[in-house]
Amino acid sequence: MNTTINTQIANYAGIYQSMSSPAVAKSKQPYTPTDAEKKVFTEAKYAWETYSKSAAGKAELKTIAAMDVPAARSSVGDILDNPAFAKLLQMLNTLDLPASSFSFGVTMELELILGFEAVLGVAIGIGDSKNLASSEFLTLGLTEGIDEGGLVGVQFGLWKNAPADIGGYSWSTEIDLGLGAEVEVAGSYTASGGILGATLTIGGGEEDGADEEESYTFILGNQEGDGYLKPVYQPRKNNFLIITSMKCDSTQSDGAGSANEVYFTFQADGDTLYHYPTYDYLSMESGDTWNCGRSVWFNETVQVNAYDEDDTSGDDPIGNFTINISDLTLGGTKTFNSTKDYSTTFDTVKYTINVKLVAQNVQN
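Residues numbered from 1 in each chain as written. Predicted model: local features only at pLDDT ≥ 70, side-chain atom pairs only at ≥ 80, totals over all residues. Heavy atoms only, no water.

### Some points on the overall build of the protein chain
In step 1: Counting its regular elements, the protein chain contains five helices and 18 strands.
In step 2: A sequence separation of at least 24 residues applies to 71% of the contacts in the protein chain between residues at least 6 apart. (Helix = DSSP H or I, 4+ residues; strand = E, 2+ residues; numbered from the N terminus. Contact = heavy atoms within 4.5 Å.)

### Digging into the side chain of N260
In step 1: When you line up the elements, N260 lands in strand β10 (residues 260–268).
In step 2: By relative accessible area, which is 0% here, N260 ends up buried.
In step 3: Reaching out from N260, the side chain makes a polar contact with the side chain of Y351 at a distance of 2.8 Å. (Buried < 20%, exposed > 50% of the residue type's maximum accessible area, 1.4 Å probe, protein only. Polar contact = N/O pair within 3.5 Å; in protein donor to acceptor, adjacent residues only side chain to side chain.)

### Notes on the pairing of β10
In step 1: Burial runs high along β10: eight of the nine residues are buried.
In step 2: Where β10 lies against strand β12 (residues 282–284), three bridges are found, and the strand directions are antiparallel. Considered in β12, the bridge of N260 is made with M284.
In step 3: By the bridge criterion, seven bridges tie β10 to strand β15 (residues 301–308) in an arrangement that is antiparallel. Across the sheet, F266 pairs through a bridge with V304, a residue of β15. (Pairing = 2+ DSSP bridges.)

### Comments concerning the side chain of S52
In step 1: In this fold, S52 is placed in helix α2 (residues 35–53).
In step 2: Within the structure, the side chain of S52 is placed 2.8 Å from the backbone oxygen of W48, a separation counted as a polar contact.
In step 3: What S52 contacts, discounting residues up to four positions off in sequence, is K58 and L61.

### A look at unusual backbone geometry
In step 1: Cis geometry is adopted by the peptide bond preceding P277, which originates at Y276 and carries an omega value of -10°.
In step 2: Inspection of the secondary structure puts P277 in the loop between β11 (273–276) and β12.
In step 3: The phi angle at D269 is positive, at roughly 55°, despite the residue not being glycine.
In step 4: In this fold, D269 is placed in the loop between β10 and β11.
In step 5: Look at N361: it is not a glycine, yet its phi comes out positive at around 55°.

In structure tokens:
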């Protein structure tokens with residue numbers, strides 16, 4: 001098993017496990033694939049068989065299996081450039097599909113104390129989103145019975161949402177399209193039972209007899225809006241903490257209502273600067289608590305800066321927090337107050353964060 005990619009995906013697995021799943025509706029809208037969707041999935045199965053059995057396909061997949069996450073993210077999308085997928089891509093451009101995104105990703109099994117199924121892939125705009133956007137994503141779901149782990153197969157998807165909007169929780173239920181024993185087609189649903197889309201998984205990741213499978217999709221980057229991919233991967237360091245929550249005691253007034261559109265950046269030991277959420281924000285009013293669950297690898301110190309997003313006048317700083325390893329106790333949670341001084345302004349903005357040290361001296 002590729003231990004590098006195992007370690008990198010552990011960051012996301014930690015976030016996924018720290019979140020509370022929303023309540024799930026017992027009833028769901030019945031999902032029946034259209035004839036056009038059936039044609040796409042049938043051709044996707046044939047294209048994958050052609051590609052994966054070819055000399056070039058075998059070589060590419062072997063190379064990807066040894067990569068880290070950033071390199072694999074880039075290489076997975078390149079697979080669709082192989083001539084084996086030409087007819088499939090033509091179908092996506094010409095068929096009348098009730099979808100806004102098509103996704104393609106390699107599937108992996110990972111042993112991270114608990115077993116996880118992962119899909120690392122790319123989503124492209126079709127239908128209403130044709131030629132407008134694309135995104136890279138990682139989908140995680142708990143599983144059992146992993147032997148060695150590693151790269152096991154491929155997943156294709158058709159989605160109602162635009163590529164940048166396929167993230168979050170989903171629940172899937174198997175659909176029988178008669179495509180063979182090594183193929184699983186599943187309808188994907190929201191917590192309220194609404195249809196998100198459908199996936200076809202080949203060569204691994206099937207849970208025989210499972211009525212419902214939960215998963216969470218992280219958007220790793222998109223080519224919409226900012227037009228560049230923000231960093232997500234964190235190298236493993238000596239210590240591991242989780243910013244469990246952020247509380248707003250008093251918002252900053254920006255003349256556009258009582259809420260702040262909050263995101264924060266974090267930087268460990270002066271290295272790479274990361275954004276959270278990577279491509280979004282959370283609206284917060286006085287008294288609100290954001291259970292953000294952001295994990296961070298670090299050696300000595302972490303700098304966290306919070307901002308109120310403003311499209312017209314630039315993002316406003318609303319909190320600065322400096323976390324030192326000497327401030328923390330293993331297994332304990334500590335509250336940090338902002339070090340930003342607002343004494344010269346009319347605002348009484350105040351934010352705090354709670355931080356838990358989860359692991360210490362892991363590389364010693």
